[in-house]
Amino acid sequence: MVDTARRNAVTEGVEGGVGLTALLVAAARAIETHRGDSLAQDPYAEHFVRAAPASAGWPVRPHQVPDGDADPLWGRFARYFGLRTRVLDDFLLTSARGGARQVVLLGAGLDARTFRLDWPPGCVVFEIDRAAVLTFKHRVLDEVSAAPRATRVPVPVDLRGDWVGALTGAGFDSAEPTVWLAEGLLFYLPAAAETYLVDTVDRLSAEGSALAYEAKLEKDLTRYRDSPLYTSTKERIGIDLLALFDRDPRPDSVAALADRGWSTSVHTPFDFTRRHGRGPLPEPNDALEGNRWVFANKSRP
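Quick look at the structure, then. Here the structure is a predicted model, which means the values were calculated and not measured. (Residues numbered from 1 in each chain as written. Predicted model: local features only at pLDDT ≥ 70, side-chain atom pairs only at ≥ 80, totals over all residues. Heavy atoms only, no water.)

Another point: helix H9 (residues 228-237). Those residues of H9 not exposed but buried are Leu 229, Tyr 230, Ser 232, Thr 233 and Ile 237. In this fold, the buried residues of H9 make contact with helix H2 (17-33), helix H4 (72-97), strand S5 (210-216) and helix H10 (241-244). A positive phi of about 75° marks Gly 238, the residue just after H9. (Buried < 20%, exposed > 50% of the residue type's maximum accessible area, 1.4 Å probe, protein only. Helix = DSSP H or I, 4+ residues; strand = E, 2+ residues; numbered from the N terminus. Contact = heavy atoms within 4.5 Å.)

Next up, the structure:
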């Protein structure tokens, strides 16, 4: 018999607020996995969606989205997450194969990259997130007998707390090259927290390290409050993204990294849509217009 109290306890981390967005991304990855022209494969994503009561009825297959890409939520927005998954997968694996054997997922959420990517030998993946989120993820992966393809080190800590102490206590070595990922994270944090995170990543990164993160450049997020992407997400699955995003003016983290000797590149998602031949393209009143994907490398001597 399922221990209902325990199951409810370990779904708390993904049942509301920013945690619920992790289920949104998981559903998008599940749909992407089953597309005929899939850019990324995540066989675990649909299990996360089905395991949480809040998302149990969401689509996880393309045939469950009758309007296809014309659906602003499960079509266009899901395509965005599928594309983002592929681009960041490629960045992480390229960095790891280039010698960065430590991987740190900041705000790991329901990211199953430790289990689904073909990591080089010797890779260690540190997954930082709140304990409830990691417990939920661990339970679901256990239930489907998932096996990690790298050494997995969960680091149960809120990024508003002493995550550096928790990370180093878990075995992280700042003398070794590291590839860092902050996927879908920074726009939920206050500006000061973003500045601290970027400064800390720089301080903990040996030469040969790399960083990828997602940012939003809009000065006024409410400009897109009537965007189909935002309205459909709120009305259909109860996630008010505009209420979750931090409204502080964003710091220029790209310039901060460049000042510290990192080489940086900044792209729109649409750059990769054109490169891969599928994904979202610009449209009027587009909530994705200000999204940027940033890639940085800390040069070797």
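Moving on, we come to the side chain of Asn 291. Tracing the backbone shows Asn 291 in strand S7 (residues 291-298). Owing to a relative accessible area of 4%, Asn 291 belongs among the buried residues under this scheme. Polar contacts involving the side chain of Asn 291 include one to the side chain of Tyr 80, which spans 2.9 Å. Of the polar contacts made by the side chain of Asn 291, one reaches the side chain of Lys 216; its length is 2.5 Å. (Polar contact = N/O pair within 3.5 Å; in protein donor to acceptor, adjacent residues only side chain to side chain.)

Here we take up the pairing of strand S1 (residues 102-106). Among the five residues that make up S1, five are buried, leaving the element largely enclosed by the rest of the structure. Side chains Gln 102, Val 104 and Leu 106 project from S1 onto one buried face, and the interleaved Val 103 and Leu 105 project onto a second face that is buried too. Note that S1 and strand S2 (residues 124-129) share five bridges and pair parallel. Within S2, the position partnered with Val 104 by the bridge is Phe 126. Relative to strand S4 (residues 178-182), S1 runs parallel, the two sharing four bridges. When the sheet's bridge partners are listed, Leu 105 is paired in S4 with Leu 181. (Pairing = 2+ DSSP bridges.)

Here the focus is the packing of aromatic side chains. For the coordinates displayed, the defined rule picks out 17 aromatic pairs. Consider the rings of Tyr 80 and Phe 81, whose centres lie 5.5 Å apart with planes at 70°: the pair is edge-to-face. One exposure class covers both Tyr 80 and Phe 81, and it is buried. Geometrically, the ring pair formed by Tyr 80 and Trp 293 is tilted, given 5.6 Å between the ring centres and 50° between the ring planes. One end of the pair, Tyr 80, is in helix H4; the other, Trp 293, is in strand S7, with 213 residues separating them in the sequence. What makes Tyr 80 buried here is its relative accessible area of 1%. Members of the aromatic cluster, joined through ring pairs, are Phe 77, Tyr 80, Phe 81, Phe 91, Phe 272, Trp 293 and Phe 295. (Phe/Tyr/Trp six-rings, centres within 6.5 Å; stacked < 30°, edge-to-face > 60°.)

This part takes up the nonpolar core. One finds Trp 58 and Trp 119 to be the most contacted residues of the largest nonpolar core, which totals 72 residues. The leading source of residues in this core is H4, at 13 residues. Setting aside chain neighbours within four positions, we find Trp 119 in contact with Leu 92, Leu 93, Ala 96, Val 103, Arg 113, Thr 114, Val 125, Arg 149 and Ala 150. Among the nonpolar cores identified, the runner-up in size contains 28 residues, and Val 104, Trp 163, Val 198 and Ala 296 belong to it. (Core = buried A, V, L, I, M, F, W, Y, C linked by side-chain atoms within 4.5 Å.)

The terminal C-alpha atoms of helix H6 (residues 131-143) lie 18 Å apart, and with 13 residues this matches the ideal 18 Å at 1.5 Å per residue to within 8%. Three or more residues of H6 are buried, namely Val 133, Leu 134, Phe 136, Lys 137, Arg 139, Val 140 and Leu 141. Of the residues flanking the end of H6, it is Ser 145, one or two places downstream, whose phi is positive at about 55°. (Expected span 1.5 Å × (residues − 1).)

Our focus in this paragraph is the sheet that holds S4. Pairing within the open sheet is mixed, and its seven strands lie in the order S3-S2-S1-S4-S5-S7-S6. With partners counted over all chains shown, the strands left at the sheet margins are strand S3 (151-156) and strand S6 (262-267), one partner each. Neighbour-to-neighbour, the strand axes of this sheet turn through a mean angle of 15°, independent of strand direction. Judged from the four bridges that link them, S4 and S5 form a sheet pairing that is parallel. For Ala 182, the partnering residue across the bridge sits in S5 and is Tyr 213. Of the strands in this sheet, S6 and S7 touch helix H12 (residues 269-276), which is tilted by about 85° from S7. (Axes fitted to C-alpha atoms, helices over the stretch in contact; angles between N-to-C directions.)

The next point concerns the environment of Trp 262. Tracing the chain through its elements places Trp 262 in strand S6. Take Trp 262: its relative accessible area is 4%, and that puts it in the buried class. When the C-alpha atoms of Trp 262 and Ala 296 are compared, they prove to be 6.0 Å apart, with 34 residues separating the residues in sequence. Beyond its immediate chain neighbours, meaning those up to four positions away, Trp 262 contacts Val 201, Asp 202, Ser 205, Ser 209, Ala 210, Leu 211, Leu 257, Ala 296, Asn 297 and Lys 298.

The next thing to look at is the environment of Leu 229. Relative to the elements of secondary structure, Leu 229 occurs in helix H9. Distance in space between the C-alpha atoms of Leu 229 and Leu 242 is 11 Å, their sequence separation being 13 residues. The residues touching Leu 229, leaving out its near neighbours within four places in the chain, are Pro 72, Arg 76, Phe 77, Leu 241, Ala 287 and Leu 288.

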